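# Structural overview
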Amino acid sequence: MKKLTLMLAVAMMAIATTASAQFVSGGTRSSMVADTDNYSRLELGYSPVTVLEELDLTGLSLGWTKGISLTQDLPLFLEVGANVMYCFGEKYDIETSLLSLNVPVTVAWKFSPTESISLIPHAGLNLRGHILGTMSYDGEDLDLFDSDEGDGKRFNVGGTVGLAANFNKFMVGLGYTFDFNETWEEADKINYLTISIGLKF
């Protein structure tokens, strides 16, 4: 996963560097579209998530992102958003479900080769609050965040990197989110890929 994170980060930096070099060349504007307008997008995401070492869950998320222009000279943006993510799965007849709220705050570069196509690499922080978490077996429920039961941490800070591709009003995206702290003691940090589709407006 660390190698994947590095590869995504390098790829996004390469795209942004190439876009910047093409956007400003010799002090003159290139043929690239200078799109510095604010934007929003609504996204539906799918994420395979592993928790507590070996529990593989299916994650579905619905979120909103706002891109705020930081300068009128370059397509550099601050992206802020929020998404609700529900993860669920079953193993050894144990049903597990998690409901979380993610708040990503990233810096993004909007590379627009045409008026209808744009690529937006982004990287930054992700703040996650776990709302609910349960494990159910044989009619008994375990609260994963109760101090006397699951003893999980409800708040996580992590990083996020990704790339969104816009085609007119439609978008597809790929991202990777990784936590800096463990949700449960002696368990791996929560890290996951997200494939998303959505609308830009």
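Definitions and cut-offs
- In this numbering scheme, every chain counts its residues from 1 along its sequence in written order.
- Side-chain atom pairs in this predicted model are given and counted only at pLDDT of 80 or more, local residue features only at pLDDT of at least 70, and totals for whole chains, interfaces and linings cover all residues.
- As a rule here, side-chain values come from all non-hydrogen atoms in the structure, and water together with hydrogens is ignored.
- Helical segments are the DSSP runs of H or I of at least four residues, strand segments are the runs of E of at least two, and each set is numbered from the N terminus.
- Accessible surface is estimated by sampling points in the Shrake-Rupley manner with a 1.4 Å probe; for residues, cover comes only from the protein chains shown.
- As a per-residue quantity, pLDDT reports the predictor's confidence and falls between 0 and 100.
- Contacts between residues were defined by any pair of non-hydrogen atoms, one from each residue, lying within 4.5 Å.
- For patch detection, residues must exceed 30% relative accessible area and be free of salt bridges, and they are connected within 9 Å for like charges or within 5 Å for nonpolar side chains (Val, Leu, Ile, Met, Phe, Trp, Tyr).
- We define a salt bridge as a contact between a side-chain nitrogen of Lys or Arg and a carboxyl oxygen of Asp or Glu at a distance within 4 Å.
- Using a 1.4 Å probe on the protein chains alone, a residue whose accessible area is under 20% of its type maximum counts as buried, one over 50% counts as exposed, and one in between counts as partly exposed.
- Only buried residues count toward a nonpolar core. Its members are Ala, Val, Leu, Ile, Met, Phe, Trp, Tyr and Cys residues joined through side-chain atoms within 4.5 Å.
- Whether two strands pair depends on DSSP finding at least two bridges between them.
- Working definition: a ring pair exists when centres of Phe, Tyr or Trp rings (six-membered ring for Trp) sit within 6.5 Å. Plane angles under 30 degrees give stacked, over 60 give edge-to-face, the rest tilted.
- Think of a polar contact as two N or O atoms within 3.5 Å of one another; within protein, one of them needs to be a possible hydrogen donor and the other a possible acceptor, and neighboring residues in sequence only count if both atoms come from side chains.

### Some points on the overall build of the protein
- For the protein, the helix and strand inventory stands at one helix and 11 strands.
- Moving toward the C terminus, one meets the helices and strands of the protein in the order α-β-β-β-β-β-β-β-β-β-β-β.
- Counting every atom, the protein has about 10,900 Å² of accessible surface; 62% of that belongs to carbon and sulfur.

### Brief notes about the confidence of the model for the protein
- In the predicted model, the protein carries a mean pLDDT of 84, and the fraction of residues at 70 or more is 82%.
- For the protein, the element scoring lowest by mean pLDDT is strand β2 (residues 28-29), at 44; strand β10 (residues 170-179) scores highest, at 96.
- Across residues 1-5 the pLDDT falls below 50, and counting only partners more than four positions away or on other chains, this stretch makes four contacts in the model.

### Points about a nonpolar patch on the surface
- A cluster of nonpolar side chains, L42, L44, L62, W64, I117, F167, F170, V172, I197, L199 and F201, forms an exposed patch at the surface whose accessible area comes to about 1,100 Å².
- Those elements that provide at least two residues to the nonpolar patch are β3 (39-51), β4 (55-69), β10 and β11 (191-200).
- Positionally, V172 belongs in strand β10.
- Assessed through its relative accessible area of 40%, V172 is described here as partly exposed.

### As for the nonpolar core
- Core analysis: the largest hydrophobic core is formed by 14 residues, its most contacted members being V49, V51, C87, L98, L144, W184 and I190.
- Beyond its immediate chain neighbours, meaning those up to four positions away, L98 contacts V51, L57, M85, Y86, C87, L132, G133, L144, F145 and W184.
- If you look at the next biggest cluster of nonpolar residues, it comprises six residues, including A108, I120, A164 and M171.

### What to know about the pairing of strand β6 (residues 94-109)
- Pairing geometry for strand β5 (residues 76-91) and β6, over 14 bridges, is antiparallel. Considered in β6, the bridge of L76 is made with W109.
- Where β5 folds back on β6, the antiparallel hairpin that results is connected by two residues, among which Y92 adopts a positive phi of roughly 55°.
- Sheet topology note: the β6/strand β7 (residues 117-137) ladder contains 14 bridges and is antiparallel. Pairing of P104 across the sheet is with N126, part of β7.

### Some words on the packing of aromatic side chains
- In total, this model carries five aromatic pairs according to the counting rule given.
- With a centroid separation of 5.6 Å and an interplanar angle of 25°, the aromatic rings of Y86 and F88 are classed as stacked.
- Y86 sits in the partly exposed class, given a relative accessible area of 39%.
- Taken together, the aromatic side chains of Y176, F178 and F180 make up a single cluster linked through ring pairs.

### Examining the side chain of T183
- Looking at the element boundaries, T183 is found in the loop between β10 and β11.
- Within the local environment of T183, its side chain forms a polar contact with the side chain of N156, the two groups lying 3.3 Å apart.

### Re the pattern of salt bridges
- In the structure shown here, the tally under the stated rule is five salt bridges.
- Here R41 and E79 are joined by a salt bridge, their closest N and O atoms 3.1 Å apart. Placement of the pair is R41 in strand β3 and E79 in strand β5, with a sequence separation of 38 residues.
- Salt bridges linked by common partners bring R41, E43 and E79 together as one network.

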